[in-house]
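Working through the structure, step by step
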Amino acid sequence: MTRRKMENKVSKIILGILIIGSKGIFANQVDELNSKSFYTTEKKEHPKTEEIEKSQVKKESPCLEPYGIKLGKTTIKELKNKFSLKFKEKGALGQMYHFNPVDFNVGDLKAIEVIAYTLGDGDIIENFEILFEGKKYTKLKEYLSKSYEITYEEEPFVGDKECDFWQKGNNNQFLFIVEPHISFETTLGYRTQKFNDIRNEFIKESNQQKDADMESKL
């Protein structure tokens, strides 16, 4: 055998050994990689759809519901579908809707006037007042104090009687009872704080304007 042939044969043997060795190395590396956690095909557990939906649902804030009317949520359109509208008129802060009081009688409490108030051109009921016949302040207060907390009361021996109530967890609305001293009627009202703030600001500005007009004429 010639020297050149001998060299070629040796080269092939060496090359074969290197290839076999490299395959063994690569095979070991692949096995090692396959054993890593990021190559596993196990599926991650996801929260159940029901649990996700529950977590996404916002808890509805409490609201006063006189006669099934959700204060600050129910619209005039919805109210007209439930009770008889007599007429409407424009008020200082928005629209005033007068409903048939017969629909609002409760036991021996006889309603003689019922008005739902909106703000501006809105359709949401922000203030709801029922005028009952007779002096019903004491009876209404006793009844409402069982479900609501009294936050304000003014009961002079002679004079108008007033009382406010607060619903637990509801800081945006309140109830009130007003019984004028010289009147034989009692008002029960349900009002949003939004309406009350705007009303107070309107009264304040009106009084300032009256004072200014008086000063200019004296």
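The sections below set out a description of the structure shown in this document.

What counts and what doesn't
Along each chain, numbering runs from 1 in the same order as the chain's sequence is written. Given that this is a predicted model, residues contribute local features only at a pLDDT of at least 70 and side-chain atom pairs are listed and counted only at 80 or more, while totals for whole chains, interfaces and linings are drawn from all residues. Hydrogens and water molecules were not included; the side-chain quantities draw on all heavy atoms of the structure. Counting from the N terminus, the helices are the DSSP runs of H or I reaching at least four residues and the strands are the DSSP runs of E reaching at least two. Partly exposed residues are those whose accessible area sits between 20% and 50% of the maximum for their type, while under 20% is buried and over 50% is exposed, using a 1.4 Å probe and protein chains only. His is not counted here, nor are the chain ends, while Lys and Arg score as positive and Asp and Glu score as negative. Between Lys or Arg on one side and Asp or Glu on the other, a salt bridge is scored when a side-chain nitrogen of the former is within 4 Å of a carboxyl oxygen of the latter. Residue contacts are defined here by distance: any two heavy atoms, one from each residue, within 4.5 Å place the two residues in contact. Detection works on a 1 Å grid of protein atoms alone, calling trapped sets that fit a 1.4 Å probe cavities and calling open sets with protein on both sides within 12 Å along at least five of seven lines pockets, with lining residues defined by an atom within 4 Å of a point. Grid points are joined across faces, edges and corners, and a volume is the space filled by probe spheres set on the points. Side-chain classes are defined by residue name, with Ala, Val, Leu, Ile, Met, Phe, Trp, Tyr, Cys and Pro counting as nonpolar, Asp, Glu, Lys and Arg as charged, and the others, Gly among them, as polar.

**What to know about the side chain of K136**
Mapping K136 onto the fold places it in the loop between β4 (127-133) and α4 (137-144). No salt bridge is formed by the buried K136; the nearest opposite charge belongs to D108, separated by 4.3 Å. When residues no more than four places from it in sequence are discounted, the contact partners of K136 are D108, L109, E179 and T186.

**Points about the layout of surface pockets**
As a volume, the largest pocket reaches approximately 390 Å³. Around the largest pocket sit 17 residues that line it, and V106, Y143, L144, L188 and Y190 are the ones nearest its centre. Looking at the lining of the largest pocket, the elements that each hand over two or more residues are α4 and β8 (185-192). Among the residues making up the lining of the largest pocket, the classes are represented as 12 nonpolar, two polar and three charged.

**Some words on the environment of F202**
Summarising the element assignment, F202 is placed in helix α5 (residues 193-217). Counting along the chain gives 110 residues from F202 to A92, while the straight-line C-alpha distance between them is 8.4 Å.

**Regarding the pattern of salt bridges**
Taken as a whole and judged by the stated rule, the model has four salt bridges. E153 serves as the salt-bridge partner of K141, at 2.6 Å between the closest nitrogen and oxygen. Of the two residues, K141 sits in helix α4 while E153 sits in strand β5 (residues 149-154), which places them 12 residues apart along the sequence. Across the pair K141 and E155 runs a salt bridge, and its minimum N-O distance is 2.6 Å.

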